[in-house]
Number of protein chains: 2
Amino acid sequence: MKNRIVVIGSGNVAEAMCRWIPATGHGIVQLFARNTARGNHISGITGIPFESDPAKIAKADIYIISVSDKAIGEVSAIFDAGDAIVVHTSGNCPVSELSDSIKNRGVLYPLQTFTAGRELDYKEIPLFIEAENDNAYERIKALAGTMSDNVHDSDLSSRRKLHVAAVFVCNFVNHMYCLGYDFMEHHGLDTDTLKPLIRETTQKMLATGTPCEVQTGPAVREDYPTIGKHLETLNDNTELANIYKILTESIIIKKWGILKKILRK
Amino acid sequence: MKNRIVVIGSGNVAEAMCRWIPATGHGIVQLFARNTARGNHISGITGIPFESDPAKIAKADIYIISVSDKAIGEVSAIFDAGDAIVVHTSGNCPVSELSDSIKNRGVLYPLQTFTAGRELDYKEIPLFIEAENDNAYERIKALAGTMSDNVHDSDLSSRRKLHVAAVFVCNFVNHMYCLGYDFMEHHGLDTDTLKPLIRETTQKMLATGTPCEVQTGPAVREDYPTIGKHLETLNDNTELANIYKILTESIIIKKWGILKKILRK
């Protein structure tokens, strides 16, 4: 069944939905958002009609609400969904974050980092779904199945855990890149020389799937003279030195945990 | 000029040298190491003759010493290099870490993470070189030029900074993967669902080269309700909660620095 879909929101997830869903054969009949600049921009890229007047939200089979967590409740109450399905795309909010007036509520949470302007391989993005009733569940599952080969049932508790894990492997990883790049730039060094190392670190992890067991570097070797030299090198940067110490300690703690696991095998 | 090379050591860097150099047209005439198990293993993979008796270290044009930092001094003194070039491969040690008895000392530091058993695209790996005299410099530069398209002059101070940056973008990144994976496993969640996110985070960084400006997630949005929910989810894991707090704060601090930079433009 080809669904008529309205996407609500103008952030990176809403933009991704507008790029993603048309390729599935379902039709996005409208993008609704209050931010007219971003709304018009996404409309310009995707050709999807944009609307900013709540009174003119289109009739649809499924409404996808991709707004900030704190706005989900309010936004979901400004239109009459009737018998349509309404989902939000947040990893952190319960189904009940959507207005009580909606009959068929659910969640469609994509586990990915979305950046304005970037095209992705959408079919591989994991989608975590939940619904309040069987009808909504079947309809959301059918939609999700056309969007991704990687659809999972979920509940709030597991989505929240996924969301935390995502912060570690995405936002905090990116922050390590940021700290490394800033440090290099501060010292007039060419950050491009880090790229093969960055590529290999992630490729190795994706190939093995066992990051704790393939760790390298001074911390996991407990090479204290090198760690000492690194801290000397960082002695004019308290923040970086502090993060260096805490993560080095954490690697050493984890190592002994891993060794214990291996010994128990 | 085709060099006769002896590689000394049996760790991951020594193994990488044994995989890397034969493809350049130079010949590794011997792998010398004290660890016979690892030495025989690398010899078995690469066909390079292995020797563990210091009295039988072969004559060569270039000796590459890839041992732990603390062993460089001792190992470089156990043989007579004569007029040959001797380099170590450490990012953290001065040229003078090599024995004073050696006439032509230098450094050949590869900025990459090497893992036993993994083949790499060696030509892209940055090599940072240094030498004590012009003759050694020219010979090391010529060798490095056949090994990589990415050769740079360096001194101890810049190598140490590169090495620290590498810890952030490699070891600490991998540790974030490790913490995320462990957390998922602890809660019975499928770690494979993180892979598309991990891949995209790094691809985005490599494509843009501006990690600080493409950061996403609750910290950079200063989304305190979500941060609060994450800390609730982590409330039974003090170590993870502590790292979460410190890195979240660091992202927020960095963000205001970036905004200031943009405003000054």
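As a convention, each chain's residues are numbered from 1 in the sequence order in which they are written. Each chain takes a letter, starting from A, and each ligand takes a number, starting from 1, following the order in which they are written. Where local features are concerned, this predicted model is filtered to residues with pLDDT of at least 70; where side-chain atom pairs are given and counted, the filter is 80 or more; whole-chain, interface and lining totals use all residues. Calculated side-chain values reflect all of the structure's heavy atoms, with hydrogen atoms and water omitted.

**Notes on the overall build of chain A**
Turning to step 1, where the next piece is worked out: Counting its regular elements, chain A contains 8 helices and 8 strands.
Turning to step 2, where the next piece is worked out: Each principal axis of the C-alpha atoms in chain A carries an extent, and together these give about 65 × 50 × 30 Å.
Turning to step 3, where the next piece is worked out: The cut-offs for exposure are 20% and 50% of the maximum accessible area for each residue type, with area from a 1.4 Å probe on protein chains only; residues under the lower value are buried, those over the upper are exposed, and the others partly exposed. Within chain A, buried positions represent 58% of all 265 residues.
Turning to step 4, where the next piece is worked out: By definition, residues are in contact when any of their heavy atoms lie within 4.5 Å. Taking contacts inside chain A between residues at least 6 apart in sequence as the whole, the part at least 24 apart equals 54%.
Turning to step 5, where the next piece is worked out: Accessible areas in this description were obtained via Shrake-Rupley with a 1.4 Å probe; residue shielding takes into account the shown protein chains only. As displayed, chain A has an accessible area near 10700 Å², and 51% of this comes from carbon and sulfur atoms.
Turning to step 6, where the next piece is worked out: His is not counted, nor are the chain ends, whereas Lys and Arg count as positive and Asp and Glu as negative. Charge coordinates come from a single atom per side chain, which is NZ of Lys, CZ of Arg, CG of Asp or CD of Glu. Counting 29 positive and 32 negative side-chain charges, chain A places the averaged centre of each group 3 Å from the other. What counts as a helix is a DSSP run of H or I of at least four residues, what counts as a strand is a run of E of at least two, and both are numbered from the N terminus.

**Comments concerning the sheet that holds strand E7 (residues 127-131) of chain B**
All names here are of chain B.
Turning to step 1, where the next piece is worked out: Taken in spatial order, the 8 strands of this open sheet run E3-E2-E1-E4-E5-E6-E7-E8, and their pairing is mixed. Bordering the open sheet on either side are strand E3 (50-51) and strand E8 (151-153), each of which pairs with just one other strand.
Turning to step 2, where the next piece is worked out: Strands are labelled as partners when DSSP assigns at least two bridges between them. Alignment of strand E4 (residues 62-65) against strand E5 (residues 85-88), held across 4 bridges, turns out to be parallel. Bridging from a neighbouring strand, tyrosine 63 pairs with valine 86 of E5.
Turning to step 3, where the next piece is worked out: Only C-alpha atoms enter the line fits that serve as axes; for helices the fit covers just the stretch in contact. Angles between N-to-C directions range over 0 to 180 degrees. Running at roughly 165 degrees to E7, helix H4 (residues 134-147) makes contact with strand E1 (4-8), E4, E5, strand E6 (104-110), E7 and E8 of the sheet.

**Some thoughts on the pairing of E1 of chain B**
Residue and element names in this part refer to chain B.
Turning to step 1, where the next piece is worked out: Taken across its 5 residues, E1 has 4 buried, putting it largely inside the fold.
Turning to step 2, where the next piece is worked out: The pairing of E1 with strand E2 (residues 27-32) spans 5 bridges and is parallel. In the sheet register, isoleucine 5 faces E2, and the bridge partner there is isoleucine 28.
Turning to step 3, where the next piece is worked out: Look down the strands so they point away from you; if going from the first strand over the helix to the second traces a clockwise path, that crossover is right-handed. Traced from E1 through helix H1 (residues 12-20) to E2, the parallel crossover comes out right-handed.
Turning to step 4, where the next piece is worked out: Direction of pairing for E1 relative to E4: parallel, over a ladder of 4 bridges. Counted as the bridge partner of valine 6 is tyrosine 63 from E4.

**Re the nonpolar core**
Turning to step 1, where the next piece is worked out: Nonpolar cores were defined as sets of buried Ala, Val, Leu, Ile, Met, Phe, Trp, Tyr and Cys residues, with membership established by side-chain atoms within 4.5 Å. In this structure, Phe168 and Met176 of chain A together with Phe168 and Met176 of chain B are the most contacted members of the largest nonpolar core, which totals 76 residues.
Turning to step 2, where the next piece is worked out: Going through the elements one at a time, strand E6 (104-110), helix H5 (156-186), helix H6 (195-208) and helix H8 (238-264) of chain A together with E6, helix H5 (156-186), helix H6 (195-208) and helix H8 (238-264) of chain B are the ones with two or more residues in this core.
Turning to step 3, where the next piece is worked out: Those residues in contact with phenylalanine 168 of chain A that lie beyond four places of it in its chain are Val173 of chain A together with Met176, Leu179, Gly180, Leu234, Leu240, Ile243 and Tyr244 of chain B.

**Some thoughts on helix H4 (residues 134-147) of chain A**
Residues and elements named next belong to chain A.
Turning to step 1, where the next piece is worked out: For a helix, the expected span equals 1.5 Å multiplied by the number of residues minus one. Taking 1.5 Å per residue as the helical rise, H4 with its 14 residues ought to reach 20 Å, and the 20 Å between its terminal C-alpha atoms agrees with that figure.
Turning to step 2, where the next piece is worked out: When we look at burial in H4, the residues that qualify are Ala136, Ile140, Leu143, Ala144 and Met147. The buried side chains of H4 occupy one side of the element, clustering within an arc of 100 degrees when seen end-on. Opposite the packed face of H4, turned more than 90 degrees from it, sit the exposed residues Asp134 and Glu138. Note that the arc is computed from the directions linking the helix axis to the C-beta atoms.

**So, the sheet that holds strand E1 (residues 4-8) of chain A**
All names here are of chain A.
Turning to step 1, where the next piece is worked out: Overall, mixed pairing links the 8 strands, which are arranged E3-E2-E1-E4-E5-E6-E7-E8 in an open sheet. Two strands in the sheet have a free side with no partner beyond their single neighbour: strand E3 (50-51) and strand E8 (151-153).
Turning to step 2, where the next piece is worked out: For strand E5 (residues 85-88) and E6, the ladder comprises 4 bridges, and the chain directions are parallel. If you follow isoleucine 85 over to E6, its bridge partner there is asparagine 104.

**Here we look at the side chain of glutamine 215 of chain B**
Turning to step 1, where the next piece is worked out: Inspection of the secondary structure puts glutamine 215 of chain B in the loop between H6 and helix H7 (224-233).
Turning to step 2, where the next piece is worked out: On the basis of relative accessible area, glutamine 215 of chain B is assigned to the buried category, the value being 12%.
Turning to step 3, where the next piece is worked out: By the criterion applied in these results, polar contacts are pairs of N or O atoms within 3.5 Å in which, for protein atoms, one can donate a hydrogen and the other can accept it, and in which residues neighboring in sequence qualify only through two side-chain atoms. Polar side-chain contacts of glutamine 215 of chain B include one of 2.9 Å to the backbone oxygen of asparagine 171 of chain A.
Turning to step 4, where the next piece is worked out: Contact partners of glutamine 215 of chain B, with chain neighbours within four places excluded, come to Asn171, Asn174 and His175 of chain A together with Val220 and Ile251 of chain B.

**A closer look at the interface of chain A and chain B**
Turning to step 1, where the next piece is worked out: Each partner contributes residues to the interface: chain A has 83 residues there, and chain B has 83 residues.
Turning to step 2, where the next piece is worked out: Note on terms: buried area is the combined drop in 1.4 Å-probe accessible area of two parts once they are placed together, counting the loss on both. Approximately 8500 Å² of surface area, both sides summed, lies buried where chain A meets chain B, with 69% of it carried by carbon and sulfur atoms.
Turning to step 3, where the next piece is worked out: Looking only at chain A, the three residues that lose the most surface to chain B are Phe168, Val169 and Leu197 of chain A, adding up to 8% of its buried area.
Turning to step 4, where the next piece is worked out: Every case where a carboxyl oxygen of Asp or Glu lies within 4 Å of a side-chain nitrogen of Lys or Arg is listed as a salt bridge. Linking chain A with chain B are 6 salt bridges, by the criterion used here.
Turning to step 5, where the next piece is worked out: For the salt bridge of glutamate 200 of chain A with arginine 118 of chain B, the shortest nitrogen-to-oxygen distance reads 2.7 Å.
Turning to step 6, where the next piece is worked out: Viewed at the interface, chain B and chain A are joined by 36 residue pairs in polar contact (both at pLDDT 80 or more).
Turning to step 7, where the next piece is worked out: For the side of chain A that touches chain B, the secondary-structure elements that each account for two or more residues are H5, H6, helix H7 (224-233) and H8 of chain A.
Turning to step 8, where the next piece is worked out: Any residue that is not Ala, Val, Leu, Ile, Met, Phe, Trp, Tyr, Cys, Pro, Asp, Glu, Lys or Arg is counted as polar, Gly included; the first ten are nonpolar and the last four charged. Taken together, the residues that form the side of chain A that touches chain B break down as 43 nonpolar, 25 polar and 15 charged.

**Observations concerning the relation of the copies chain A and chain B**
Turning to step 1, where the next piece is worked out: Copies overlap after least-squares fitting; the atoms used are the C-alpha atoms of residues with pLDDT of at least 70 in both. Superposition record for chain A on chain B: RMSD 0.0 Å, screw rotation 180 degrees, translation along axis 0.0 Å. What the superposition gives is, in effect, a two-fold axis relating one chain to the other. The position closest to the rotation axis in chain A is occupied by the C-alpha of valine 173 of chain A, lying 2.5 Å away.
Turning to step 2, where the next piece is worked out: A symmetric contact is evident, with 100% of the interface residues of chain A recurring at the interface of chain B.

**A short note on the packing of H6 of chain A against H5 of chain B**
Turning to step 1, where the next piece is worked out: Their axes nearest at 9 Å, the elements H6 of chain A and H5 of chain B cross at an angle of 20 degrees. Overall, the two elements H6 of chain A and H5 of chain B adopt an arrangement that is roughly parallel. Here H6 of chain A and H5 of chain B pass one another in a crossing that is right-handed. In this structure, H6 of chain A contributes Leu197, Ile198, Thr201, Thr202 and Met205 of chain A to the contact, and H5 of chain B contributes Ala166, Val169, Cys170, Val173, Asn174, Tyr177 and Tyr181 of chain B.
Turning to step 2, where the next piece is worked out: Of the residues that constitute the contact of H6 of chain A with H5 of chain B, the class distribution is 9 nonpolar, 3 polar and no charged. For classification purposes, angles smaller than 35 degrees are called roughly parallel, those larger than 145 roughly antiparallel, those between 65 and 115 roughly perpendicular, and all remaining angles oblique. Here a crossing is called left-handed whenever its near helix is offset anticlockwise from the far helix by less than a right angle, and right-handed whenever the offset is clockwise.

**Some points on the packing of aromatic side chains**
Turning to step 1, where the next piece is worked out: By convention, a stacked pair of Phe, Tyr or Trp rings (six-membered ring in the case of Trp) has centres within 6.5 Å and planes under 30 degrees apart, an edge-to-face pair has planes over 60 apart, and any other such pair is tilted. Tallied over the full model, the rule gives 14 aromatic pairs over all chains.
Turning to step 2, where the next piece is worked out: Plain terms: the ring middles of tryptophan 20 of chain A and phenylalanine 114 of chain A are 6.3 Å apart, the flat faces sit at 40 degrees to each other, and that makes the pair tilted. Of the two residues, tryptophan 20 of chain A is situated in helix H1 (residues 12-20) and phenylalanine 114 of chain A in the loop between E6 and strand E7 (127-131); the sequence distance between them amounts to 94 residues. By the burial criterion, tryptophan 20 of chain A is buried, and phenylalanine 114 of chain A matches it.
Turning to step 3, where the next piece is worked out: Both rings, one in tyrosine 63 of chain B and one in phenylalanine 79 of chain B, keep their centres 4.5 Å apart while their planes meet at 40 degrees; by these two values the pair is tilted. Residue tyrosine 63 of chain B is located in strand E4, and its partner phenylalanine 79 of chain B is located in the loop between helix H3 (72-75) and E5; the two are separated by 16 residues in the primary sequence. Neither residue differs from the other here; tyrosine 63 of chain B and phenylalanine 79 of chain B are each classed as buried.
Turning to step 4, where the next piece is worked out: Ring-pair connections join several aromatic residues into one group, and the members of that group are Trp20, Phe114 and Tyr122 of chain A.

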